[in-house]
Amino acid sequence: MISQRGFSLLELAIVLVVIGFILGAVLQGQNIVYNAKIQRIVSDMRDYSQSFLLYYDRYGMYPGDEDDPSFPPGDTFNGNHNGLVDTEEASNVWEDLSSALGVVTKSSPVRGGQYQFGARDFGGGKRNYISVTNLPNRMAEAIDARHDDGVWNTGNIQASSPYDGSDNLVTLYWRI
Ligand SMILES: [Ca+2]
Ligand SMILES: [Ca+2]
Ligand SMILES: [Ca+2]
């Protein structure tokens with residue numbers, strides 16, 4: 001006759017421990033992916049900032065802001081050469097970086113976020129920045145906490161909205 005006994009307490013405990021291990025591994029995996037995406041975004045913004053500064057080192061003007069009518073070759077837009085990437089110049093930064101240095105932008109690894117240059121007041125006057133769009137609020141906060149002061153509207157890293165731990169999408173500004 002087939003025994004119909006249920007699980008013993010010991011068996012149940014073992015099953016629960018195994019489930020716990022699996023859940024832990026899954027959460028750990030998600031955490032690793034989450035952190036890898038954050039690191040990708042940080043390294044992208046650093047790379048693009050360096051290209052922005054390299055352009056200045058080589059040509060004496062910032063991309064987008066430059067007003068050399070004959071450079072980069074085939075350039076159709078010139079800025080006002082005031083040292084800041086003003087609003088109307090922002091869209092041309094990538095064209096200048098691409099034509100002069102072969103640097104092209106890609107999307108961020110999170111929600112198709114775009115990297116954009118510009119200028120804004122970080123406290124104490126306007127400064128150039130690289131920004132990333134479509135970033136979940138809590139990711140922006142994590143980046144600010146690791147690489148700046150953790151406050152959304154002070155320091156060299158700032159966001160378009162106060163940090164609230166949500167997944168609402170914000171733009172993160174990284175001062176160059
Ligand atoms: Ca300008
Ligand atoms: Ca030009
Ligand atoms: Ca900050």
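Everything here concerns the structure above.
Criteria and thresholds
- Residues numbered from 1 in each chain as written.
- Chains lettered and ligands numbered in written order.
- Predicted model: local features only at pLDDT ≥ 70, side-chain atom pairs only at ≥ 80, totals over all residues.
- Axes fitted to C-alpha atoms, helices over the stretch in contact; angles between N-to-C directions.
- Helix = DSSP H or I, 4+ residues; strand = E, 2+ residues; numbered from the N terminus.
- Left-handed = near helix turned anticlockwise from the far one by under 90°.
- Contact = placed C-beta atoms within 7 Å.
- Nonpolar A, V, L, I, M, F, W, Y, C, P; charged D, E, K, R; others polar.
- Pairing = 2+ DSSP bridges.
- Expected span 1.5 Å × (residues − 1).
- Buried ≥ 20, exposed ≤ 12 C-beta atoms within 10 Å, placed from the backbone.
- Arc of directions from axis to C-beta.
- Core = buried A, V, L, I, M, F, W, Y, C linked by C-beta atoms within 7 Å.

A. Structural context of the packing of helix α1 (residues 9-59) against helix α2 (residues 90-101). α2 packs onto α1 with a crossing angle of 60 degrees between their chain directions and a minimal axis gap of 11 Å. For the pair α1 and α2, the sense of crossing is left-handed. Here α1 contributes Ser51, Leu54, Tyr55 and Tyr59 to the contact with α2, which in turn contributes Asp96, Leu97, Ala100 and Leu101. The class makeup of the residues in the contact of α1 with α2 is 6 nonpolar, 1 polar and 1 charged.

B. Broad picture of the sheet that holds strand β3 (residues 157-159). Read across the sheet, 4 strands follow the order β1-β2-β4-β3 without closing on themselves; strand pairing throughout is antiparallel. Sheet topology places β1 (115-121) and β3 at the edges, where each strand pairs with a single neighbour. Within the sheet, the average angular offset between the axes of one strand and its neighbour, ignoring direction, is 35 degrees. Relative to strand β4 (residues 169-175), strand β2 (residues 126-136) runs antiparallel, the two being bridged by 6 bridges. Within β4, the residue paired with Leu135 across the bridge is Val170. Sheet strands in contact with α1 are β1, β2 and β4, and its direction is about 150 degrees off that of β2.

C. Quick look at α2. Here α2 is 12 residues long and its end C-alpha atoms lie 17 Å apart, about the 16 Å a rise of 1.5 Å per residue gives. What α2 keeps buried is the set Asn92, Val93, Asp96 and Leu97. Along the long axis of α2, the arc covered by the buried residues comes to 145 degrees, so they all point the same way. Among the residues trailing α2, Gly102 stands out with phi positive, at a value near 70 degrees.

D. Looking closely at the nonpolar core. Ranked by internal contacts, the top residues of the largest apolar core, which has 27 residues, are Met45, Tyr129, Ile130, Ala140, Leu172 and Trp174. For this core, the secondary structure elements donating two or more residues are α1, α2, β1, β2, α3 (137-147), β3 and β4. The leading source of residues in this core is α1, at 5 residues. In this structure Ile130 touches Met45, Tyr48, Ser49, Tyr115, Phe117, Trp174 and Ile176, once residues within four positions along its chain are discounted.

E. Representation of α3. Residues of α3 that are buried include every one of Asn137, Met139, Ala140, Glu141, Ile143 and Asp144, and no others. Among the structural elements, α1, β2, β3 and β4 are those in contact with the buried residues of α3.

F. Up close: unusual backbone geometry. Along the chain, Phe71 connects to Pro72 via a cis peptide bond; the corresponding omega equals -10 degrees. Positionally, Pro72 belongs in the loop between α1 and α2. We note that His81 has phi near 50 degrees; this positive angle belongs to a residue other than glycine. With respect to the helices and strands, the residue His81 is situated in the loop between α1 and α2. On the basis of neighbour count, His81 is assigned to the partly exposed category, with 14 C-beta atoms found within 10 Å.

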